[in-house]
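# Residue-level structure breakdown
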Amino acid sequence: MGAGVTGLREGDRVIAHVVHGGLAERVACPEALCFPLPDGVAFDAAAAMGLAYQTAYHALTTRGRLQEGEIVLINGASGGVGMAAVNLAKPLGAGTVLAGLSSPAKAEAVCAAGADAAIDLTREDLRDSLRAQVFEATGRRPADLVFDLVGGAVFDAALRAIGDEGRAVVAGFTSGAIPQLRTNYLLLKNIGVLGMTINSYIHRRSPILAEAQSALFDLLLAGKIDPNIMARYPFERYMDAIGLLEERKIVGKAVLEIAE
């Protein structure tokens, strides 16, 4: 235990948010990024609820200002952060959750995680077809909040599916294309576009990380969320898990287990 640590004791169960060294068996972590793990939370569940759930939580609440009953569209919904957002949206107040997918075959998994409908991001004429799918799923109501992890043409199309005074939170560009924002859309509907990276909060050792982690564990213990663990691997098979990640075969999270 480092000098000056006051909130933790040797032997405490914790979840540590580390920028580098996450695959090590031992790692040093600042106290501000190390949070107590409630007795009822298993280590594998906590591992699956690290940065992905923190990112999704702050995208929906801190940045996206999710309100009760709103329609939320999550683009890139089958990945770790996207699935976390799908899992969290309803417990945090969303009325309807739409999962934007570049792999439509993953629709069943995201709907099991909490989505009301899947939006196919591979359809032709996405500029119009994305909005048409949103309207079909909601009875012709636009999205109030878009959480976008894809970028490119998907982000451009999603803007057209947002209603008056809606918001879009940008958290990544898995398509490899960074969109150029046409601000006339923002002007016409009073739309807000916000950025979200968990790295900013980590670098500043922000206290909102501890607040969010506590809220996430409360939701887990209440049975309102499930960390969506697709597979568990022993520590020595870490490359198998990384291979699945590189091949985009993970839906939700894969967890490495270190023997006690």
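Further up the page is the structure itself.
Figured I'd write up the structure that's included with this text. (Residues numbered from 1 in each chain as written. Predicted model: local features only at pLDDT ≥ 70, side-chain atom pairs only at ≥ 80, totals over all residues. Heavy atoms only, no water.)

### Topic: the pairing of strand β9 (residues 229-234)
As paired elements, β9 and strand β10 (residues 253-257) share 5 bridges and run parallel to each other. Within β10, the residue paired with A231 across the bridge is A254. Of the crossover connections in this fold, the one passing from β9 over helix α10 (residues 238-246) to the parallel β10 is right-handed. (Pairing = 2+ DSSP bridges. Helix = DSSP H or I, 4+ residues; strand = E, 2+ residues; numbered from the N terminus. Right-handed = clockwise from strand over helix to strand, strands pointing away.)

### Some thoughts on the nonpolar core
General note: in soluble globular proteins, nonpolar side chains tend to be found buried as a group. If you look at the biggest cluster of nonpolar residues, it comprises 47 residues, and the most contacted ones within it are I74, V86 and L88. Of all the secondary structure elements, the ones that give two or more residues to this core are α1 (43-48), α2 (51-63), β3 (71-75), α3 (80-89), β4 (96-101), β6 (143-148), α8 (198-203) and α9 (208-221). The contact partners of I74, leaving out residues within four places of it in the chain, are G82, A85, V86, V97, L98, A99, G100 and F147. In terms of nonpolar packing, the next biggest core, distinct from the first, is built from 25 residues, I71, L130, A157 and Y185 among them. (Core = buried A, V, L, I, M, F, W, Y, C linked by side-chain atoms within 4.5 Å. Buried < 20%, exposed > 50% of the residue type's maximum accessible area, 1.4 Å probe, protein only. Contact = heavy atoms within 4.5 Å.)

### Points about the sheet that holds β6
Ordered in space as β5-β4-β3-β6-β7-β8, the 6 strands form an open sheet in which the pairing is parallel. Looking at which strands have only one partner, the edges of the open sheet turn out to be β5 (117-120) and β8 (192-195). Neighbour-to-neighbour, the strand axes of this sheet turn through a mean angle of 20 degrees, independent of strand direction. Lying over the sheet, α2 contacts β3, β6, β7 (162-170) and β8, oriented at roughly 140 degrees with respect to β6. (Axes fitted to C-alpha atoms, helices over the stretch in contact; angles between N-to-C directions.)

### Remarks on the environment of I198
Looking at the secondary structure, you find I198 in helix α8. Considering only alpha carbons, one finds I198 and V146, 52 residues apart in sequence, at a separation of 18 Å. Ignoring any residue separated from it by four or fewer positions in sequence, one finds I198 in contact with Q54, T55, H58 and L209.

### Comments concerning a nonpolar patch on the surface
A surface patch of nonpolar side chains, amounting to about 280 Å² of accessible area, comprises L23, Y238 and M239. Among the secondary structure elements, M239 is positioned in helix α10. (Patch = residues over 30% accessible without salt bridge, like charges linked within 9 Å, V, L, I, M, F, W, Y side chains within 5 Å. Areas by Shrake-Rupley, 256 points an atom, 1.4 Å probe, with all protein chains shown as cover. Salt bridge = Lys/Arg side-chain N within 4 Å of Asp/Glu carboxyl O.)

### A word on the packing of aromatic side chains
Scanning all chains against the criterion turns up 1 aromatic pair. Centroid distance F235 to Y238: 6.3 Å. Interplanar angle 35 degrees. Geometry classified as tilted. Given a relative accessible area of 18%, F235 falls into the buried group. When its relative accessible area of 34% is taken as the criterion, Y238 is described as partly exposed. (Phe/Tyr/Trp six-rings, centres within 6.5 Å; stacked < 30°, edge-to-face > 60°.)

### A word on unusual backbone geometry
A positive phi angle, close to 50 degrees, is found at D125, a residue other than glycine. Among the secondary structure elements, D125 is positioned in the loop between β5 and α5 (126-138). Positive phi outside glycine occurs at R140, with the angle close to 70 degrees. Assignment of secondary structure puts R140 in the loop between α5 and β6. With a relative accessible area of 62%, R140 lands in the exposed category.

### Quick notes on the environment of G79
Counting through the fold element by element, G79 comes out in the loop between β3 and α3. Among the residues examined, G79 registers a relative accessible area of 26% and is labelled partly exposed. Between the C-alpha atom of G79 and that of E246, which follows or precedes it by 167 residues, the distance is 12 Å.

### Things to note about α5
Here α5 contains 13 residues, and its C-alpha end-to-end distance of 18 Å stays within 8% of the 18 Å for a straight helix at 1.5 Å per residue. Looking only at α5, the buried set comprises L126, S129, L130, Q133, V134, F135 and T138. Turning to α5, the residues buried within the fold contact β3, β4, β5, β6 and α6 (152-159). Two residues or fewer past α5, G139 is found with a positive phi of approximately 75 degrees. (Expected span 1.5 Å × (residues − 1).)

All quantities given are derived from atomic positions and should not be read as evidence of function.
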